[in-house]
Amino acid sequence: MSDPRYDVIAIGNAIVDVMAPCSDELIEELGLAKGGMTLVDEAQARELYAAMGPAREISGGSAANTLAGLSALGLQCAFVGQVADDQLGAVFAHDIRAGGIDFDTPARSGEPSTARCLIFVTPDGQRTMNTFLGASQFLPARALDEEAIGGASVLYLEGYLWDPEEPRAAMRRAIETARKAGRKVAFTLSDAFVISRHGDDFRALIADGLIDVLFANKVELAAITGIDDFDAGLAALAPNVPTLVVTRSEEGAVAIHNGERTEVAAQPIDKVVDTTGAGDLFAAGFLAGFVKDESIERCLTMGAIAAAEIISHYGARPEADLAELMAARLG
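Note that this is a predicted model, so its numbers are computed, not measured.

Peer 1: I keep staring at the pattern of salt bridges and nothing clicks. Help me out?
Peer 2: Oppositely charged side chains may form a pair once their charged atoms are brought near each other. One pass over the full model with this rule turns up 14 salt bridges. For the salt bridge of Arg261 with Glu263, the shortest nitrogen-to-oxygen distance reads 3.0 Å. We classify Arg261 as partly exposed; its relative accessible area is 35%. Across the pair Glu294 and Arg298 runs a salt bridge, and its minimum N-O distance is 3.4 Å. With a relative accessible area of 29%, Arg298 lands in the partly exposed category.

See the structure below:
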């Protein structure tokens, strides 16, 4: 097998996050599901934006956030995702390339506009996300660079993008390409609502042995297995995935790798400011170790360090120097 061109290539939603602090009363007034993620149409997105206080625009998208963390840690990365030929699309493309990540998917002309996620952040740091998927739903299989996918150590896919038909077909094609090239496939379940819609597809991918590394949080673990008890859920799912990684917020994280269980505690933090992107950056830290054949315990610890950095400030892209943080905390 030839040396990989990329450490990680990811396929995901190309989204610009629009974030603003808000009160719990506003969440209630708007009828939003606090702490959750809801899909909205363009008209609803405009209404919610009008109800927001002063906001910050930061390029986001789950897999793109993960790549931002990986690139900050010195890994070679590429992103595949669809933006529209509009202002937010230009913002997204600029930001991801400025982060040292290759992004060559051509912008799409016409409607709909580039995807955006309107994020209301309450004083307890919980984020309530309202996502208009826009152009990101129309990623065609022809946009895939199969040579690049076959030349990456890891193909990383986000469950959020499984919902629309066109990118779902593109991701299936990408999995085939990576498998044929003997590369690893990593998948994040993203959210319980995605599992409620596509759990059968995800279970089939797992049962068919197409996923090498599966990321979930404890809520998603219960949703994919149908088992509320955490340890029982782990025991049910782990035999079907070579590497299962499950995060538990302040309780740390667990991985079962080739049948062996490893746990780490959450990293200490003064104050949780915003939990947006915690899982994305955990995946970044973990994969940064994984592609370098670090121990699973070290991979988990790297994930916890990256997640702690991201929840200490607004936004889902690192602000501190992650490489310095890793060096300081890992020794």
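Peer 1: Help me out: how do you make sense of the sheet that holds strand S2 (residues 15-21) in this one?
Peer 2: Strand pairing in a sheet takes place through backbone hydrogen bonds and is either antiparallel or parallel in direction. Here five strands make up an open sheet; going across it, the order is S3-S8-S7-S2-S4 and the pairing mixed. Two strands lie at the open edges of the sheet, namely strand S3 (37-39) and strand S4 (56-60), each paired on one side alone. Between one strand and the next, the sheet's axes are offset by a mean angle of 25°, whatever the strand orientation. Pairing of S2 with S4 involves five bridges; the strand directions are antiparallel.

Peer 1: I tried to follow the sheet that holds strand S14 (residues 260-264) on my own but got confused; where do I start?
Peer 2: Within the open sheet, the nine strands sit side by side as S6-S5-S1-S9-S10-S11-S12-S13-S14. Their pairing is mixed. The open sheet has two free edges, formed respectively by strand S6 (102-103) and S14, since each of these has just one partner strand. Summarising the sheet, strand S11 (residues 213-217) and strand S12 (residues 243-247) pair through five bridges and their orientation is parallel. Its bridge partner lying in S12, Phe215 is registered against Val245. The strands touched by helix H3 (residues 62-72) are strand S1 (6-11), strand S5 (77-80), strand S9 (152-158) and strand S10 (184-188); relative to S5, the strand with the most contacts, the crossing angle is about 165°.

Peer 1: Please clarify how the nonpolar core should be interpreted in this entry.
Peer 2: By size, the foremost hydrophobic cluster in this structure holds 52 residues, and its most contacted members are Ile11, Leu155, Phe187, Phe202 and Leu214. Residue contacts for Leu214: discarding those within four places in its chain leaves Phe187, Leu189, Ile206, Leu237, Val241, Thr243, Leu244 and Val245. Counting residues in hydrophobic clusters, the runner-up holds 48 residues, among them Ala64, Leu75, Ala186 and Ala307.

Peer 1: Would you mind going over the packing of helix H10 (residues 278-290) against helix H11 (residues 296-310) with me for this structure?
Peer 2: Helices that pack against each other are described as a pair by the angle of their axes relative to one another and the distance between those axes. Packing of H10 against H11 brings their axes to within 7 Å, and their N-to-C directions diverge by 145°. In this structure, the crossing between H10 and H11 has a hand that is right-handed. For the pair formed by H10 and H11, the contact residues are Ala278, Leu281, Phe282, Gly285, Phe286, Ala288, Gly289 and Phe290 on the first element and Ile296, Cys299, Leu300, Met302, Gly303, Ala304, Ala306, Ala307 and Ile310 on the second. Classifying every residue of the contact of H10 with H11 gives 14 nonpolar, three polar and no charged.

Peer 1: What am I meant to see in the pairing of S11 here?
Peer 2: Within a regular strand, the side chains alternate between the two sheet faces. In terms of burial, S11 is largely enclosed, as four of its five residues are buried. Direction of pairing for S10 relative to S11: parallel, over a ladder of three bridges. Among the inter-strand pairings, Phe187 is bridged to a residue of S11, identified as Leu214. This β-α-β element, S10 to helix H7 (residues 192-207) to S11, shows right-handed connectivity.

Quick notes on the rules
Residues numbered from 1 in each chain as written. Predicted model: local features only at pLDDT ≥ 70, side-chain atom pairs only at ≥ 80, totals over all residues. Heavy atoms only, no water. Salt bridge = Lys/Arg side-chain N within 4 Å of Asp/Glu carboxyl O. Buried < 20%, exposed > 50% of the residue type's maximum accessible area, 1.4 Å probe, protein only. Pairing = 2+ DSSP bridges. Helix = DSSP H or I, 4+ residues; strand = E, 2+ residues; numbered from the N terminus. Axes fitted to C-alpha atoms, helices over the stretch in contact; angles between N-to-C directions. Contact = heavy atoms within 4.5 Å. Core = buried A, V, L, I, M, F, W, Y, C linked by side-chain atoms within 4.5 Å. Left-handed = near helix turned anticlockwise from the far one by under 90°. Nonpolar A, V, L, I, M, F, W, Y, C, P; charged D, E, K, R; others polar. Right-handed = clockwise from strand over helix to strand, strands pointing away.

Take it as geometry only, folks, not as evidence of what the structure does.
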